[in-house]
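Residues per chain, in single letters:
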Amino acid sequence: MKLREYQVDISRRGADILSRLNILCLAMEVRLGKTYTSLEVCSLVGATKVLFLTKKKAISSIQSDYDTMSPGFDITIINYESIHKLEDIMFDVVICDESHTMSSFPKPSIRTKQIRKMLSMNGAKLILMTGTITPESYSQIYHQFYVHPDNPFRFYKNFYAWAQDYVNVFQKKINSFMVNDYSRGIERKIMSSVSPYMISYTQKEAGFSTDIEEETLYVRMLDRTYAICDKLSKDLVVEGDKEVILGETPAKLMQKLHQLYSGTVKFESGNSMTIDKSKAMFIRDRFKGTKIGIFYKFKEELKCLQSVFGDSLTTDLDEFNSTDQSIALQIVSGREGISLRNAKYLVFYNIDFSAVSYWQARDRMTTMDRTFNKVFWIFSEGGIEDKIYKAVKRKKSYTTNIFKKDYDGQGD
């Protein structure tokens, strides 16, 4: 295969950075071929054994890219949840796909600690890959670089020490207690420190000219669905013969209404149930005979879709690409690292609270040669989805505080 001109250029520059600094961050927007670029960088630095960490859903796609390129090094491709199995194995380069999944703060995640331990032991070079290095805050950069011993912040003991110089710390009230908020990272200072390690590239720079058109379609749910939602909103509890739905806190009420308005619910017992198939039936009838990619949020929603679509729906990417079947993917696991270019439309059965999910998942069909994508949002009439949609389009995640304002009639 032949790399695109911009991929060749980025690979050469990236190899120089990786050779000198032992860390490279490819901050490239989605659909620009970060995988091919990172593999070419590994070839240019003379790697012989590479570890590629990614999400489970993306493994087959990355393996296919590796097979297509046939580079002169061995590769191990695993999901992040399997890191513990490889902590004692030596690699020349470790590639962390969608590195922003390591960005939690102020404390590092278990995943972040595992990767740091592995890199500290075997001395491998590190390639960070992400289309959204700072989804919500510049403070999210710290732990992405923290995992490597040669990171630019290595002289700081931990995030808290680093924050004294790089974050405008302020206090906010949570449940009547005042706590420190570390989200106001100082952009200029942080980016100045990491810019020597980074190569950024946009779809516009690569020549992409894809337009994404979004359309919202509304579904009237069953009367009993609205009755359950109304009772839960009023009484904060709905009791059945065997199961109970509780919404005693704003966070819990928000979660339960989010489930119910799309036709499913998870009870206090832990059991889940489909109570209304209206959305799934609407999608089946509206897009009959069309190959689509469906994004759902809750596990029970997949069961609902499967019961309505039957054998015309798959959850396997390879099967989707080789048959006429449509595919159903959970938003969080399917929003990154995969391509749904073979779908005619993307259809969202539900919407995630996260702004990151909105911007990444809606772009799953984009390629350089595809100039138009159509995305459909399926919302229940009078449901909560519209309010979530308004927030994430403004690049704001839908939080409990926003929900409380909406719930009290004070939202927009």
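Residues numbered from 1 in each chain as written. Predicted model: local features only at pLDDT ≥ 70, side-chain atom pairs only at ≥ 80, totals over all residues. Heavy atoms only, no water.

## Considering the overall build of the chain
Okay, step 1: Summing up its helical and strand segments, the chain has 17 helices and 18 strands in all.
Okay, step 2: Relative to the 2.2 N^0.38 estimate, which gives 22 Å for 412 residues, the radius of gyration of the chain is 23 Å and therefore close to what a compact globule would have.
Okay, step 3: Counting the 412 residues in the chain, one finds 50% classified as buried.
Okay, step 4: Within the chain, residue pairs in contact and separated by at least 24 positions form 71% of the contacts whose partners lie at least 6 positions apart.
Okay, step 5: Carbon and sulfur atoms form 47% of the exposed surface of the chain, whose accessible area is close to 19,200 Å². (Helix = DSSP H or I, 4+ residues; strand = E, 2+ residues; numbered from the N terminus. Rg over C-alpha atoms; globule rule 2.2 N^0.38 Å. Buried < 20%, exposed > 50% of the residue type's maximum accessible area, 1.4 Å probe, protein only. Contact = heavy atoms within 4.5 Å. Areas by Shrake-Rupley, 256 points an atom, 1.4 Å probe, with all protein chains shown as cover.)

## Details of the environment of L18
Okay, step 1: Mapped onto the elements, L18 comes out in helix α1 (residues 5-21).
Okay, step 2: For L18 and K125, which are 107 residues apart along the polypeptide, the C-alpha to C-alpha distance reads 7.0 Å.
Okay, step 3: Apart from the residues within four sequence positions on either side, L18 is in contact with I23, L24, V41, V45, K125, L126 and I127.

## Observations concerning the pairing of strand β5 (residues 125-130)
Regular strands have side chains that alternate between both faces of the sheet.
Okay, step 1: Most of β5 is tucked away, with five of its six residues classed as buried.
Okay, step 2: As paired strands, strand β1 (residues 23-28) and β5 are joined by five bridges and run parallel to one another. Residue pairing for β5: C25 is matched across the bridge by L128.
Okay, step 3: As paired strands, strand β4 (residues 93-96) and β5 are joined by four bridges and run parallel to one another. (Pairing = 2+ DSSP bridges.)

## So, the sheet that holds strand β9 (residues 211-219)
Okay, step 1: The strand order across the open sheet formed by six strands is β9-β18-β17-β14-β16-β15, and the pairing between neighbours is parallel. Pairing within the sheet leaves two strands with one partner each, and these edge strands are β9 and β15 (313-314).

## Concerning helix α2 (residues 34-44)
Okay, step 1: For α2, the tally of buried residues reaches eight of 11 residues, placing the bulk of the element in the interior.
Okay, step 2: Listed in full, the buried residues belonging to α2 are K34, T35, Y36, T37, S38, L39, V41 and C42.
Okay, step 3: Of the residues one or two after α2, G46 is the one with positive phi, at around 75 degrees.

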